[in-house]
Amino acid sequence: MTGRVNDFTLKIATVNGTGSASANSLLMKAIFRMGVPVMGKNYFPSNIQGLPTWYEIRVTDPGHLTRSGEVNFMVALNAETFAKDHAEVTPGGYLLYDSTWPRTRELDRDDIHVIGVPLARMVNHHFVDARTRILMKNVAFVGALAALLDLDLDVIEQLLTETFGARKAELVKANMEAVKLGYDDVREHYDCPLPMHVRRADMTAGHVIVDGNTTAALGAMLAGATVGAWYPLTPSTSVMDAFKGFCEKYRRTADGEREYVLLQAEDELAAGGMVMGAGWMGARAFTATSGPGISLMNEFLSFGYYTEIPGVVFDIQRVGPSTGMPTRTQQSDLMECAYAGHGDTRHLCLYPADPAEAFHFSMRAFDLAEHFQTPVFLVSDLDIGMNEWMVPELQWDPRYRPDRGKVLGRDDLERLSGPFRRYMDPDNDGVPFRTLPGVHPAGAFFTRGSGHSKHGTYTEDAAEYQEVMDRLRRKFETAREHVPAPLIEYAGKAFSADGRRPQPVKYGMLTVGSGDSAVREARQNMKAGGTEIDYCRVRAFPFSDDVQRFIDEHDTVFVVEQNRDAQLKSMLLCELEVDADKLVSVLHYNGLPIASMDVEAAVLDHFRKAKAS
Amino acid sequence: MSFMKKPQVHHAELPVNGLGYTVRDYEGGMSTLCAGCGHDSITAALIQACWGLDIEPYRVAKMSGIGCSSKTPAYFLREAHGINALHGRMPSIATGANAANGELHFLGVSGDGDSLSIGFGQFAHAIRRNVNMLYLIENNGVYGLTKGQFSASADIGSTTKRGEANEQPPIDPVMTAISLGCTFVARGFSGDKEQLVPLIQAGLRHRGFAMIDIISPCVAFNDHEGSTKSYAHTREYFHPAIHADFIPPREEIRAEYEKGRAMPVELHDGSTIVLRKIDVDHDPTDRAGAIAYLERHREAREIVTGLLYLEEEGSDLHANNRTVPRSLVDIGMHENAEAILEEFQAGCR
Ligand SMILES: Cc1ncc(C[n+]2csc(CCOP(=O)(O)OP(=O)(O)O)c2C)c(N)n1
Ligand code: SF4
Ligand SMILES: [Mg+2]
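Analysis parameters
Residues numbered from 1 in each chain as written. Chains lettered and ligands numbered in written order. Predicted model: local features only at pLDDT ≥ 70, side-chain atom pairs only at ≥ 80, totals over all residues. Heavy atoms only, no water. Pairing = 2+ DSSP bridges. Helix = DSSP H or I, 4+ residues; strand = E, 2+ residues; numbered from the N terminus. Axes fitted to C-alpha atoms, helices over the stretch in contact; angles between N-to-C directions. Domains from an automatic or database assignment. Contact = heavy atoms within 4.5 Å. Buried area = accessible area lost by both parts, 1.4 Å probe. Donors = N, O, S within 2.8 Å, 3.2 Å for Na, K, Ca; no water. Buried < 20%, exposed > 50% of the residue type's maximum accessible area, 1.4 Å probe, protein only. Near = heavy atom within 4 Å. Polar contact = N/O pair within 3.5 Å; in protein donor to acceptor, adjacent residues only side chain to side chain. Areas by Shrake-Rupley, 256 points an atom, 1.4 Å probe, with all protein chains shown as cover. Nonpolar A, V, L, I, M, F, W, Y, C, P; charged D, E, K, R; others polar. Right-handed = clockwise from strand over helix to strand, strands pointing away. Salt bridge = Lys/Arg side-chain N within 4 Å of Asp/Glu carboxyl O. Expected span 1.5 Å × (residues − 1).

In this section: the sheet that holds strand β1 (residues 7–15) of chain A. Residues and elements named next belong to chain A. Read from one edge to the other, the open sheet built from 6 strands follows the order β2-β3-β1-β4-β5-β6, with strand pairing classed as mixed. The open sheet has two edge strands, β2 (38–43) and β6 (113–117), and neither has a second partner. Here the strands of the sheet are splayed against their neighbours by 15° on average, with no regard to which way each runs. Here strand β5 (residues 89–98) pairs with β6 via 5 bridges, running parallel. Bridge pairing links Y97 to G116 in β6.

As structure tokens, this is what we get:
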């Protein structure tokens, strides 16, 4: 294992608030620039300063952009978590620590290699200012790693120059001095590079490193969103920060006037109302929040469903219940989003798997919301939203035209004979026509969350009420084939009898969102071990017929999801015609992104148990 | 823009406004409120006020929360889009709608329950953002629609029909609004249309959040002896501090005003409000003075009415945001989306 080139996991344990974040992304970017695929995951506390934080970097030329579940190289710089970090290294792996304070007693494993670097001593000797000393310690370990892992110092210097800009050349210089401290010390005392290192390759061309909150925000702007309303809540806050950043750059006229309004609401309930108000007026509007915010928005989600007002809600899921673990990831709002609100409600949900899909689905969400005149969820999570992912470059589709849905404009209304009737179904697809305020007197109607007839008038009449509810159900059925279809991959090469699709194997695996890459790696590993499994990734709710078929054509389907209560499985059982015994849950809900090892272990365990019984 | 009206039989005797409309053109559906409900009188005042201002009905966005009061937008301006929000949540709907298109007139109707209990937070924050709208609280001291429970505006000692007295102090929307920095704060009475119509007109023309607290008796649950929101009690303690005459742009101020008592205030669209002091003690442009004045009269249990505080220089939500002076409904698409995407990604490699 020690000889793994371009295929290992590095984990850095530091203290929050010491500036380690920039050192970590510097490392990740350097590996990316050297042409080697890389994954980065940040496990940070809900705290500004002082609590432990980890950063996991996987160097992966097989392209597994997911946690493997093991750590081959630990940079243990946090005294508080040292024992745990030390224990986590896989046998044969490496541990680097700050030997300014020798830890001879704690370093009691003889199955790992220990590398001591006197980071604090060197840095304190070299730099005077207290804050600089703290920051530079982090840069010095980057230097040490550069020597051990054979990272290109020119690349590091280039990245520092890009970060600080030419105007802060003295900062680049100071940082490079710190890099050299670590670099030289390690070269002096250890054989460099280690057998486990990074070798230049050409596998990252055509890729970018982005986080999913930024891409979702960019999608919102490019989809034409002009009103955003929100209340700060980790891990969704950076969506609005990014949206503001993009709009300040691209949505201000020459005179500095803004072609957008960003409203920091008094709470998420109000943010929901603002989105509904703007959607009613006809603008593309959205909010970004997380589980606790969705709870508050329920009242308006029910309202928006029934009054048929478009709006987009980004749910960047985090660990619940309640305040839970705000900075850890989970997929525990699947059901909350799908059925949010009182009464018979159901909502269109899009489930991106990575930041690239978050971009495309963000745009898609605005089209679907206006097409179907309803709130639409982009159900992302902290892992997608806040971690840096290597993804293929985002492509702009020059044919993109926003789908503004069935809106009667001024001329349509001028020609209208008789009163405008809001909730009819002229096209038999469940989607009515709407009108916007201020356009034409003939378009006026009264929007209400109280009982209304298909004409849009107040009603308490049994039949009139039910007629609207039934049409809403039809509208949802129409959406089934409009939302992104699942991605299905068959393991075998043989084709089915009708020749239309590959012959399914016995087992299928089904997941949603950020579980994608872990499942892919697990499938590949199991295939190498002789077990073939077909794959389906659900990308939207309502589930299309393809999902039903996928389950039908397999004896057993593993449903992999990141929550305790098997929410996706429950939704499948509730929405489709499936035999419950077919579905085997693989659940992961400890707050860390699911690792391929978690998936593999659960599936193999199932096989073992099945064999035994 | 103006539209050809469908031919309507006009009563010859009804006067037309500048747009050629009669008050009938400003009406809405039939009210389903109790006969004698104060809210219906306010609806009539609204119709009168909009007609008098030559407002194009379809250029109004009317909105409300939930309650008897909140039902009323269905009873006026049938050619305007309306929205019944959720209970207490109209301010957020109004804020979002106004953010999307500030070109329309925004007219919100709420109740004392709607604004002072469940919706107190949203009410306060819409004031704080200075959303450009007229916001009416049709204040009857009770929850009419849920059958007569005390609301947060009920006075200490005011009794229910069955004689139980309220013991908690009231939340006064006027005091609240002034202290929150509301730029237009008034109080009226559903039973005094002469005072109310110009207040509504001035509020519609004011740029920023205009709040009018309107005592509006609930004949079903709060119009008995012992209630401090009954017609009789309101009439007895009614204290007009100031009268506001609304004068449209380019019209001369013709009335004769007694020296020292009249204060003309020009609004941003060129119209004028002449504040005619009935009580010389009160200066509606002095915030601290206004609060002190209200406090003194509250102690005397008087219901001070009129345009009680006015600040015409405040900047509203869009002015603070420096929004383009257009609706945002159709301007979101980027011609150069591909270039934007590429510029962004150039920094991600
Ligand atoms: C979430 C929610 N809770 C409770 C209600 C019930 N409700 C409807 S109207 C109302 C009170 C209305 O009082 P007010 O705003 O003073 O209006 P009024 O009927 O007196 O004009 C209540 C409590 C509701 N509609 N929604
Ligand atoms: S119950 Fe009261 S508030 Fe409601 S309509 Fe009747 S009188 Fe008006
Ligand atoms: Mg009331």
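The next point concerns the domain arrangement of chain B. All names here are of chain B. Per the domain assignment, the segments making up chain B are domain 1 (23–225 + 247–314) and domain 2 (318–348). Each partner contributes to the interface: domain 1 provides 6 residues, whereas domain 2 provides 6 residues. Between domain 1 and domain 2, the buried area comes to about 430 Å², and carbon and sulfur atoms account for 48% of it. When the area that domain 1 buries against domain 2 is broken down by residue, the three leading residues are A99, A100 and E103, summing to 62%.

Ideal geometry at a metal gives 109.5 degrees between four tetrahedral donors and either 90 or 180 degrees between six octahedral ones. All names here are of chain B. Summarising the metal site, the magnesium ion (ligand 3) is bound by the protein donors D112 (OD), N140 (OD1) and V142 (O), whose distances to it range over 2.1 to 2.2 Å. Read in sequence order, the donor residues coordinating the magnesium ion (ligand 3) give the pattern D-x27-N-x1-V. Of this pair, D112 sits in helix α4 (residues 112–118) while V142 sits in strand β5 (residues 142–143), and the two are 30 residues apart along the sequence. The exposure classification of D112 matches that of V142, with both residues buried.

Taken together, 18 residues sit near ligand 1, with S69(B), D112(B), G113(B), D114(B) and G144(B) positioned nearest. At the site occupied by ligand 1, nearby residues are drawn from chains A and B. At a separation of 2.8 Å, an oxygen atom of ligand 1 approaches a polar backbone atom of C68(B). Note that an oxygen atom of ligand 1 is positioned 2.8 Å from one of the backbone N or O atoms of G113(B). For ligand 1, whose accessible area on its own is 590 Å², the fraction buried by protein is 76%. At the level of secondary structure, the elements contributing two or more residues to the shell around ligand 1 comprise α2 (68–71), α4 and β5 of chain B. Residue contributions to the shell around ligand 1 peak at 4 residues, all from α4(B). The class makeup of the residues in the shell around ligand 1 is 6 nonpolar, 9 polar and 3 charged.

Glancing now at the pairing of strand β8 (residues 209–215) of chain B. Residues and elements named next belong to chain B. Taken across its 7 residues, β8 has 7 buried, putting it largely inside the fold. Judged by which residues are buried, β8 turns out to be covered on both faces: F209, M211, D213 and I215 on one side and A210, I212 and I214 on the other are all buried. Examined bridge by bridge, strand β4 (residues 133–139) and β8 share 7 bridges and lie parallel to one another. Bridge pairing in β8 links Y135 to M211. As paired strands, strand β7 (residues 184–189) and β8 are joined by 6 bridges and run parallel to one another. Considered in β8, the bridge of V185 is made with M211. Handedness of the crossover is the feature at issue here: the chain leaves β7, passes through helix α7 (residues 193–205), returns alongside β8, and the resulting connection is right-handed.

We now examine the domain arrangement of chain A. Residue and element names in this part refer to chain A. Along its sequence, chain A is organised into domain 1 (7–205), domain 2 (210–392), domain 3 (410–479) and domain 4 (487–612). Computed from C-alpha coordinates alone, the two centres of domain 2 and domain 3 are separated by 26 Å. Between domain 2 and domain 3, the residue contacts involve 20 residues of the former and 24 residues of the latter. Both faces considered, domain 2 and domain 3 share a buried interface measuring about 1900 Å² in area, 59% of it formed by carbon and sulfur atoms. Considering only the side of domain 2, the residues that lose the most area to domain 3 are Y306, E308 and F372, jointly responsible for 37% of the buried surface there. Our enumeration of links across domain 2 and domain 3 arrives at 3 salt bridges. Residue E308 is joined to R471 by a salt bridge in which the shortest nitrogen-to-oxygen separation is 2.5 Å. Connecting domain 2 to domain 3 are 11 residue pairs in polar contact (both at pLDDT 80 or more). Contributing elements (two or more residues each) for the side of domain 2 that touches domain 3: α9 (268–281), α10 (291–307) and α12 (355–372).

Residues and elements named next belong to chain A. Helix length check: helix α5 (residues 153–164), at 12 residues, gives a terminal C-alpha distance of 16 Å against a target of 16 Å (1.5 Å per residue), a fit within 8%. Contacts made by the buried residues of α5 are with α1 (20–33), α4 (130–149) and α6 (169–189). One side-chain oxygen at the N-terminal end of α5 lies 2.9 Å from the backbone nitrogen of D154; it belongs to D152. One or two residues past the end of α5 sits G165, with phi positive at roughly 80°.

Inspection of every chain in the model, using the stated rule, returns 56 salt bridges over all chains. A salt bridge links D152(A) to R200(A), with the shortest nitrogen-to-oxygen separation between them at 3.2 Å. A residue pair is termed long-range when its members are at least 10 positions apart, and D152(A) in the loop between α4 and α5 and R200(A) in the loop between α6 and β7 (207–211) qualify at 48 residues. The partner of R404(A) in a salt bridge is D330(B), with the nearest N and O atoms 3.5 Å apart. Taken together, the positions of R404(A) in the loop between β14 (388–392) and α14 (410–415) and D330(B) in the loop between α10 (317–321) and α11 (337–346) put the pair across two chains. Under the relative-accessibility criterion, R404(A) is labelled partly exposed at 27%.

Okay, the interface of chain B and chain A next. Counting from both sides, the interface comprises 58 residues of chain B and, opposite them, 71 residues of chain A. For the chain B and chain A pair, buried surface summed over both sides reaches about 5400 Å², with 66% attributable to carbon and sulfur atoms. Where chain B meets chain A, there are 6 salt bridges. Between K249(A) and E343(B) there is a salt bridge, and its shortest N-O distance comes to 3.4 Å. Linking chain B with chain A are 25 residue pairs in polar contact (both at pLDDT 80 or more), by the criterion used here. Looking at the side of chain B that touches chain A, the elements that each hand over two or more residues are β1 (60–64), β2 (81–84), α3 (90–100), α5 (120–129), α10 and α11 of chain B. Across the side of chain B that touches chain A, the residue classes tally to 29 nonpolar, 17 polar and 12 charged.

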